[in-house]
Amino acid sequence: MANAGSAYGRFMKRTFSHPMVERFQTRRVRRSVVLAMVANTALIVGLPLLTGIDWLGIPFFLAIFPLASMLNMSVRGVTEIPLSSLDEHQAQLRLRSFSMAYYPAIGFALLAGIFGPQLIEPLPAEVVACIAGVAGATLLGLPAMLLAWRLPDEDAPDDDEMADNG
């Protein structure tokens with residue numbers, strides 16, 4: 001089914017399908033980028049808490065932007081391109097990755113609402129703001145991270161992990 005989509009969607013699809021970004025689309029690279037995102041997130045919050053130097057997390061915060069770009073390139077922008085511009089398989093991958101990410105996030109948000117106030121009370125306001133910002137950014141990137149982690153190599157046989165867990 002050929003779905004024309006918007007001009008923006010066609011542009012983004014062309015961009016994420018460019019041969020230059022193919023190096024990011026192997027399972028090994030995708031998983032490396034996901035691990036880098038997780039480690040970077042831990043450093044954003046952990047370094048200032050461990051060292052007492054508030055600005056130490058700033059370089060790692062800035063690293064989120066190239067890491068997020070690499071993550072989006074690794075999944076061909078499936079979580080970023082408008083749904084109307086995706087083919088059926090890509091749309092199904094997108095919907096599954098959002099479902100896998102946000103249903104558990106609802107439970108996490110509930111637990112954070114219950115236990116969060118007691119955990120963050122002794123922390124300085126700057127640290128609480130940093131933790132909230134990182135948590136929000138992680139939730140925004142979680143669908144792409146889950147998709148990147150679970151997606152098989154494109155040249156792999158028809159053992160699509162996403163289909164097995166549907």
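Going by the structure above, here's the rest.
Glancing now at the nonpolar core. Where a protein is soluble and globular, its nonpolar side chains tend to be buried together. Of all hydrophobic cores here, the largest spans 21 residues; its most connected members are M37, L71 and L147. Elements that contribute at least two residues to this core include exactly α1 (7-16), α2 (27-51), α4 (64-74), α5 (88-120) and α6 (125-150). In contact with M37, not counting residues within four places along its chain, are L67, A68, L71 and M145.

Next up on the list: α2. For α2, with 25 residues, the first-to-last C-alpha span of 35 Å sits near the 36 Å given by 1.5 Å per residue. Largest kink in α2: about 30°, centred on V45, with the proline P48 one to four residues after it. Buried residues of α2: R30, V33, V34, M37, N40, I44, V45, G46 and P48, and no others. Its buried side turned inward, α2 meets α3 (58-62), α4 and α6. After α2 finishes, the residue G52 shows a positive phi value of roughly 80°.

The next thing to look at is unusual backbone geometry. With the exception of glycine, the majority of residues adopt a negative phi angle, and the majority of peptide bonds are in the trans configuration. Not every positive phi belongs to a glycine, and R76 is a case in point at roughly 60°. With respect to the helices and strands, the residue R76 is situated in the loop between α4 and α5.

A few words on the side chain of S85. Among the secondary structure elements, S85 is positioned in the loop between α4 and α5. Polar side-chain contacts of S85 include one of 3.5 Å to the backbone nitrogen of S6.

Our next topic: the environment of L83. Counting through the fold element by element, L83 comes out in the loop between α4 and α5. In this structure L83 comes out as partly exposed when scored by relative accessible area, which is 39%. For L83 and G9, which are 74 residues apart along the polypeptide, the C-alpha to C-alpha distance reads 8.3 Å. The contacts of L83, once residues within four sequence positions are left out, are A91 and R94.

Axis separation between α2 and α4 bottoms out at 10 Å; the angle between their running directions is 155°. In terms of orientation, α2 and α4 fall into the roughly antiparallel class. Considering the relative orientation of α2 and α4, their crossing is left-handed. Two secondary-structure elements touch here, α2 through R30, V33, V34, A36, M37, N40 and I44 and α4 through I64, L67, A68, M70, L71 and S74.

This part is about a nonpolar patch on the surface. On the surface, I53, W55, I58, F61, L62 and F65 cluster together into a nonpolar patch covering about 630 Å² of accessible area. Looking at which element gives the most residues to the nonpolar patch, the answer is α3, with three residues.

The rules behind each value
Residues numbered from 1 in each chain as written. Predicted model: local features only at pLDDT ≥ 70, side-chain atom pairs only at ≥ 80, totals over all residues. Heavy atoms only, no water. Core = buried A, V, L, I, M, F, W, Y, C linked by side-chain atoms within 4.5 Å. Buried < 20%, exposed > 50% of the residue type's maximum accessible area, 1.4 Å probe, protein only. Helix = DSSP H or I, 4+ residues; strand = E, 2+ residues; numbered from the N terminus. Contact = heavy atoms within 4.5 Å. Expected span 1.5 Å × (residues − 1). Bend = angle between axes of the 7 residues up to and from the residue. Polar contact = N/O pair within 3.5 Å; in protein donor to acceptor, adjacent residues only side chain to side chain. Axes fitted to C-alpha atoms, helices over the stretch in contact; angles between N-to-C directions. Parallel < 35°, antiparallel > 145°, perpendicular 65-115°, else oblique. Left-handed = near helix turned anticlockwise from the far one by under 90°. Patch = residues over 30% accessible without salt bridge, like charges linked within 9 Å, V, L, I, M, F, W, Y side chains within 5 Å. Areas by Shrake-Rupley, 256 points an atom, 1.4 Å probe, with all protein chains shown as cover. Salt bridge = Lys/Arg side-chain N within 4 Å of Asp/Glu carboxyl O.

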